[in-house]
Amino acid sequence: MSNISTTRRRLLAGIPALTAGALIPAAQAASAPVKWDKSYDVVIIGSGFAGMAAAAEASAAGASVVVLEKMRVAGGNSAISGGGFACWTDELKLREKYKLGDDSAELHFKDTMKGGDYYNIPELVRVLAEQAPDAMNWMLSKGGLKLNKGLGRVGGHSAYRDHMATGPRYLAAIEKIARENGFRDLMKNTEAVRLYKDDKGTVTGVEVKTRSGLQNIEARRGVVVAAGGFARDVKFRMRYVPTLTEAYNSTNHAGATGDTLEMVLEAGADALHLAFIQLFPTAEPTRGMIDRPALFPIQFPGFGAVYVAKNGRRFVSELERRDVVSQAEIATGGKETWCVFNEAVYSQLTDRKEIEQFVKSGRVKTGATLSELAAAMGVPADALEKTISEHNAILKAGKDEAFGKPITAAMKPMQKGPYFAVAQWPSVHHCQGGVRINTDAQVIDVRGKPIAHLYAAGEFVGGVHGNNRLGGNAIADCIVFGRIAGRNAARKA
Ligand SMILES: Cc1cc2nc3c(=O)[nH]c(=O)nc-3n(C[C@H](O)[C@H](O)[C@H](O)COP(=O)(O)OP(=O)(O)OC[C@H]3O[C@@H](n4cnc5c(N)ncnc54)[C@H](O)[C@@H]3O)c2cc1C
């Protein structure tokens, strides 16, 4: 198993996660120190989508801002994110341009609630659905964001609303806006290890561990915690889901650990949904990462791609939610399953050149005929031929009796080679649980009251996605609530 979290490494070395080295005190809210080493209006913990969106808005409001990043490289999971962003409209009018049917904020809200089995906090979901288009337009108009061709429909969404770029492209757009708003100070290799509060319980700053020792940073107006999830932290995730052992790979960056959540809980925050940890169904099977081909099985089913098991047969609706697809894959009996497509399918989102690049590397298998493809995949040829022919008939009939997939006009039958297939398998991906916030992104304490001057956003927060996040909703969530947190943290008392 290659993915061992920092916390786990510390534990294997016999060092408790929160007290590694004599420098780090046990994390808890403490009284403000006698001396501040630095002072800002707003201190932001984490340099992913949520933290950088908060930095952009807090800077726009005229606040002095610092972003703290514990890792050597900034960006966290956001920097490796696939780039699907769910919003029901945008200033480019992509849905109209590609003639992909109707959509609305209400439909996005309903899909998200249903996709999370109604565990979601409805007020937070409303904010997500209503403000996601504005977040997208902000990056397009002010950040110079460029989107990929097409508009996808991904599992659990009942409309084509998946806007596509890459994680780094969104981050670059947000950073451009932040810099134009006056943001300057990003401190890498700087880990927040403790929150300070005054005697009224207002958060006043943070203690950080740097390479040169501990420092105290004052936050005159507010602290925003945008520290991401903990999917890579085997020990921490097993507290809530004991079956998520190291036998599962993770898609996350090495810094996706639970320490910062412990720190904020110790400062009195409430948390919810910590056991709702998502498996990404179509990761690369060996290492569990999301490389570009791992996104084909997410994006291509809206245009007719088919999933098959080792026996060459379909086993689930390709437009099902991620939790349903992951469990269906595991139930097929073992690694791996496949996503099959041809040009009629992929050409609606990408081109032959991109597919060929992964054929060359061996990540995507190909065959001039289905029988040749089956040989390359190691599945029975007659079964694969039967599956694709049946699926073509399903598209023609407009009804999927076997698995109930909603059929649309954008889904194209596969009638001509060459055919392609990419291997897929579940990997631990997204934490739907985290600290409790209200619609102003204020962190709520265990008695239901906001903790003064403490805000949170992004994957660090629980309640937006219920027990299962829909594809494209995380980036939208991080940027929408990051902006809200930044604006509110920058307000003068
Ligand atoms: C491979 C991959 C692909 C994905 N693809 C998509 C997609 O296509 N669409 C979608 O909607 N979602 C996607 N997601 C999910 C989405 O990208 C994440 O939920 C999102 O990036 C989280 O952003 P964030 O700002 O909350 O946290 P992060 O981007 O993880 O940033 C948090 C940062 O905080 C830092 N940090 C933590 N604790 C401290 C501390 N104490 N002090 C200082 N720094 C700290 C971390 O090191 C990290 O850099 C994907 C996730 C992964 C892993």
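Predicted model, so just to flag it, every value in this text is computed and none were measured. (Residues numbered from 1 in each chain as written. Predicted model: local features only at pLDDT ≥ 70, side-chain atom pairs only at ≥ 80, totals over all residues.)

Quick rundown of the nonpolar core? Include the residues and the values.
I44, V224, A456 and A457 are the most contacted members of the largest nonpolar core, which totals 140 residues. Looking at which domains feed residues into this core, each of domain 1 (6–80 + 172–276 + 432–489) and domain 2 (281–427) gives three or more. Setting aside its immediate chain neighbours within four residues, A457 contacts A50, A54, V224, A226, A441, C478, F481, G482 and A485. (Core = buried A, V, L, I, M, F, W, Y, C linked by C-beta atoms within 7 Å. Buried ≥ 20, exposed ≤ 12 C-beta atoms within 10 Å, placed from the backbone. Domains from an automatic or database assignment. Contact = placed C-beta atoms within 7 Å.)

Go over the domain arrangement of the protein chain with me, naming the residues and quoting the values.
Under the domain assignment, the protein chain is made up of domain 1 (6–80 + 172–276 + 432–489) and domain 2 (281–427). One C-alpha centre belongs to domain 1, the other to domain 2; they are set 37 Å apart. Each partner contributes to the interface: domain 1 provides six residues, whereas domain 2 provides ten residues. A class-by-class count of the residues in the side of domain 1 that touches domain 2 yields one nonpolar, five polar and no charged. (Nonpolar A, V, L, I, M, F, W, Y, C, P; charged D, E, K, R; others polar.)

Residue-level account of unusual backbone geometry, with values.
Note on backbone geometry: most residues besides glycine have negative phi, and most peptide bonds are trans. Residue E336 is reached from K335 by a cis peptide bond, and omega for that bond is -10 degrees. Secondary-structure assignment places E336 in the loop between helix 10 (322–331) and strand 13 (337–342). Here the amide bond leading from G417 into P418 is cis, since omega sits at 0 degrees, within 30 degrees of zero. Mapped onto the secondary structure, P418 falls in the loop between helix 14 (381–397) and strand 15 (419–431). The phi angle at D117 is positive, at roughly 55 degrees, despite the residue not being glycine. The topology assignment puts D117 in the loop between helix 4 (105–115) and helix 5 (122–142). Owing to 13 C-beta atoms within 10 Å, D117 belongs among the partly exposed residues under this scheme. Positive phi is not limited to glycine here, since H453 has a value of about 65 degrees. (Helix = DSSP H or I, 4+ residues; strand = E, 2+ residues; numbered from the N terminus.)

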